[in-house]
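The residues making up each chain are set out below.
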Amino acid sequence: MPTAAAPAPVRLLDAEHVAELTTIATELLDIHGLATSPALLADLPRVRTRLSAGLHRVLRPVDTADGLFVLRGLTVEDADLGATPGHWSTVGDAGARWDVVLLLVSTLMGTPIAWDGQQDGRFVHNIVPSPGHETVQTGASSSVLLTPHTEDAFHPGRAHLLLLCCMRNHDAVATTAASIRLARLSAQDRAHLARPVAPILPDDAYEQAQRFGGRPEPVPTLFEADGGPTLRYDPAYTPLDAADDAWREAYGRLGEELARVSVAVSLRPGDVLVVDNDLVVHGRVPFAARYDGTDRWLKRASVRVPGRRTRPEAERSEHGYGQAALEAWAL
Ligand SMILES: O=C(O)CCC(=O)C(=O)O
Ligand SMILES: [Fe+2]
């Protein structure tokens, strides 16, 4: 993959941080039974206050123009994990302790969110290649490039941060990531892309939202926030019918720039990739699924950061295709 950018920054968890996270995760599972228990989710703000200052510091916000970091130091015992399921719906409670670890990491960075219409409303999604989905544009695909995208770009309540925790990745399949803060675009292109010209439709992971009857509203691609530009981009789900030539050309140049600055991150088991969803678009390179229980397996969490101002005010009045983001606990 062509890349002009430096490798992803790594933040190391030391043995004490790892022990803290895994001990508390085990404790929460013992108390509440299931990683999906509403009572466990409600308990997260309480346990947050128990986590050490050192852990809070390692999990400080993304602080470089890369818009991401890899959290390293957790270890997954492959033999304990069981077979990689062939579909998210058959995961059950496999890797439940990792779900809770990921929720704890998420809680240190903001509020975990979920969607009624995706993976049964679970706060931790399982990303595995699924038979019959090889060529779709969702995390269940394999043989095609998963085009760089903002997660849940169709929705105004989308995550500020996306966390991908690697359970298994024997073939070192890379996630791709490209930051708008590293892209070079002319002032004219930026001005074009700040106009609401094309809508972004719900992706194939949201069947309910795809049936929504309302009119898709055009949204801006770029926004000039206090700290620099932010991005809302999902070309695979962006119909260009209403777009004029100048806008299309600017959109094309944006795509080329994102490809130029893209980094490939091959997650190892235990790695957690933290991506700022306002700065970075992510995707995945094509690979051959094994379908023999040893496939690549990621767990994914989405986080909202209260009080963040990285998006246009006008987003507040969007219909969101009838979907609502659920927060892990009521504020
Ligand atoms: O498989 C990956 O590395 C990323 C998939 C993806 O886009 C996601 O889980 O949101
Ligand atoms: Fe994604």
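Residues numbered from 1 in each chain as written. Chains lettered and ligands numbered in written order. Predicted model: local features only at pLDDT ≥ 70, side-chain atom pairs only at ≥ 80, totals over all residues.

1. Quick look at the overall build of the protein chain
Put simply, the test is: The numbering of helices and of strands both runs from the N terminus, where a helix is a DSSP run of H or I of at least 4 residues and a strand a run of E of at least 2. A radius of gyration in this sense is built from C-alpha atoms; the matching globule rule multiplies 2.2 Å by the number of residues raised to 0.38. For every residue, the other C-beta atoms within 10 Å of its own C-beta are counted; 20 or more classify it as buried, 12 or fewer as exposed, and values in between as partly exposed. C-beta atoms are placed from the backbone. We call two residues in contact when their backbone-placed C-beta atoms lie within 7 Å.
Looking only at helices and strands, one finds 8 helices and 14 strands in the protein chain. The globule rule puts the C-alpha radius of gyration for 331 residues at 20 Å, and the 19 Å found for the protein chain is close to it. Over its C-alpha atoms, taken along the principal directions, the protein chain stretches across nearly 55 × 45 × 40 Å. Out of the 331 residues in the protein chain, the part that is buried amounts to 43%. Restricting the contact set of the protein chain to residue pairs at least 6 apart, pairs at least 24 apart contribute 85%.

2. Here we look at helix 1 (residues 15-32)
Heads up, the rule is: A helix's residues, less one, multiplied by 1.5 Å, set its expected span.
If you check helix 1, its first and last C-alpha atoms are 26 Å apart, about what 18 residues at 1.5 Å a residue would give, namely 26 Å. Buried residues along helix 1 sit in contact with helix 2 (38-48), helix 3 (53-58) and helix 5 (96-109). Where helix 1 terminates, the next one or two residues include Gly33, which has phi positive at roughly 85°.

3. A look at the confidence of the model for the protein chain
Which entries qualify depends on this criterion: The pLDDT value tells you how sure the predictor is about a given residue, anywhere from 0 up to 100.
Counting all residues, the mean pLDDT for the protein chain is 95, and 98% of those residues have values of 70 or more. As scored by the predictor, the complex reaches a pTM of 0.96 and an ipTM of 0.99.

4. Structural notes on the environment of Thr90
If you trace the backbone, Thr90 turns up in the loop between helix 4 (78-81) and helix 5. What makes Thr90 exposed here is the crowd of 11 C-beta atoms within 10 Å. Taking the C-alpha atoms as reference points, Thr90 and Asn126, 36 residues apart in sequence, are found 9.8 Å from one another.

5. Thoughts on helix 2
Operational definition: Note that the arc is computed from the directions linking the helix axis to the C-beta atoms.
Restricting attention to buried positions, one finds in helix 2 the residues Leu40, Leu41 and Leu44. The buried residues of helix 2 occupy one face: seen down the axis, they fall within an arc of 100°. Turned more than 90 degrees from where helix 2 packs its buried face, Pro38, Ala39 and Arg46 sit exposed. Looking at the buried residues of helix 2, the elements they touch are helix 1 and helix 5.

6. A short note on the UniProt feature "domain: TauD/TfdA-like" (unreviewed entry) in the protein chain
The test is simple: UniProt positions are given in the numbering used here, feature names are shortened, and annotations may be inferred rather than shown by experiment.
Mapped onto this numbering, the UniProt entry gives "domain: TauD/TfdA-like" (unreviewed entry) at residues 147-301. For residues 147-301, the helix share is 18%, the strand share is 28%, and the end-to-end C-alpha distance is 20 Å.

7. Thoughts on the site of ligand 1
Selection criterion: In this analysis, residues qualify as near a molecule or strand once their C-beta atom, positioned from backbone atoms, comes within 6 Å of it. We call Asp, Glu, Lys and Arg charged. Ala, Val, Leu, Ile, Met, Phe, Trp, Tyr, Cys and Pro are nonpolar, and the rest, Gly among them, are polar.
Neighbouring ligand 1 are Ile127, Gly139, Leu146, Glu151, Leu164, Thr175, His282, Arg284, Leu298 and Arg300. Mapped onto the shell around ligand 1, the elements with two or more residues apiece are strand 12 (280-284) and strand 13 (297-304). Residues belonging to the shell around ligand 1 are distributed by class as follows: 4 nonpolar, 3 polar and 3 charged.

8. Some details on the pairing of strand 10 (residues 263-266)
Formally: A pair of strands is treated as paired once DSSP finds two or more bridges between them.
Side chains of strand 10 alternate between two faces, with Val263 and Val265 buried and Ala264 and Ser266 left unburied. Where strand 7 (residues 174-179) and strand 10 come together, 4 bridges link them in antiparallel fashion. Note that in strand 10 the partner of Thr176 across the bridge is Ala264.

9. Here we look at the sheet that holds strand 12
Here is the rule: As a rule, the C-alpha atoms of each element are fitted with a line to give its axis, helices using only the stretch in contact, and angles between N-to-C directions run from 0 to 180 degrees.
With antiparallel pairing, the 4 strands of this open sheet are ordered in space as 5-12-7-10. Bordering the open sheet on either side are strand 5 (146-149) and strand 10, each of which pairs with just one other strand. Going across the sheet, the axis of each strand differs from the next one's by a mean of 20°, ignoring polarity.

10. Points about the nonpolar core
Note the threshold: Put simply, a nonpolar core is buried Ala, Val, Leu, Ile, Met, Phe, Trp, Tyr and Cys residues tied into one set by C-beta atoms within 7 Å.
Counting 77 residues, the largest nonpolar core has Leu163 and Val274 as the members making the most contacts within it. Counting residues per element, this core draws most heavily on helix 5, which supplies 8 residues. Beyond its immediate sequence surroundings of up to four residues, Leu163 is in contact with Leu102, Val105, Ser106, Val272, Val274, Arg300, Ala301 and Val303.

11. Notes on the environment of Pro229
Along the chain, Pro229 falls in strand 9 (residues 228-231). Distance from Pro229 to His170, taken between C-alpha atoms, is 36 Å for residues 59 residues apart in sequence. The contact partners of Pro229, leaving out residues within four places of it in the chain, are Ile180, Arg181, Leu222, Phe223 and Glu224.

12. Re the environment of Ala289
As for its position among the elements, Ala289 is in the loop between strand 12 and strand 13. Judged by the 21 C-beta atoms lying within 10 Å of it, Ala289 falls in the buried class. Residues Ala289 and Gly82, spaced 207 residues apart in sequence, show a C-alpha to C-alpha distance of 17 Å. Discounting chain neighbours no more than four positions away, the residues touching Ala289 are Pro129, Glu134, Ser142 and Asp295.

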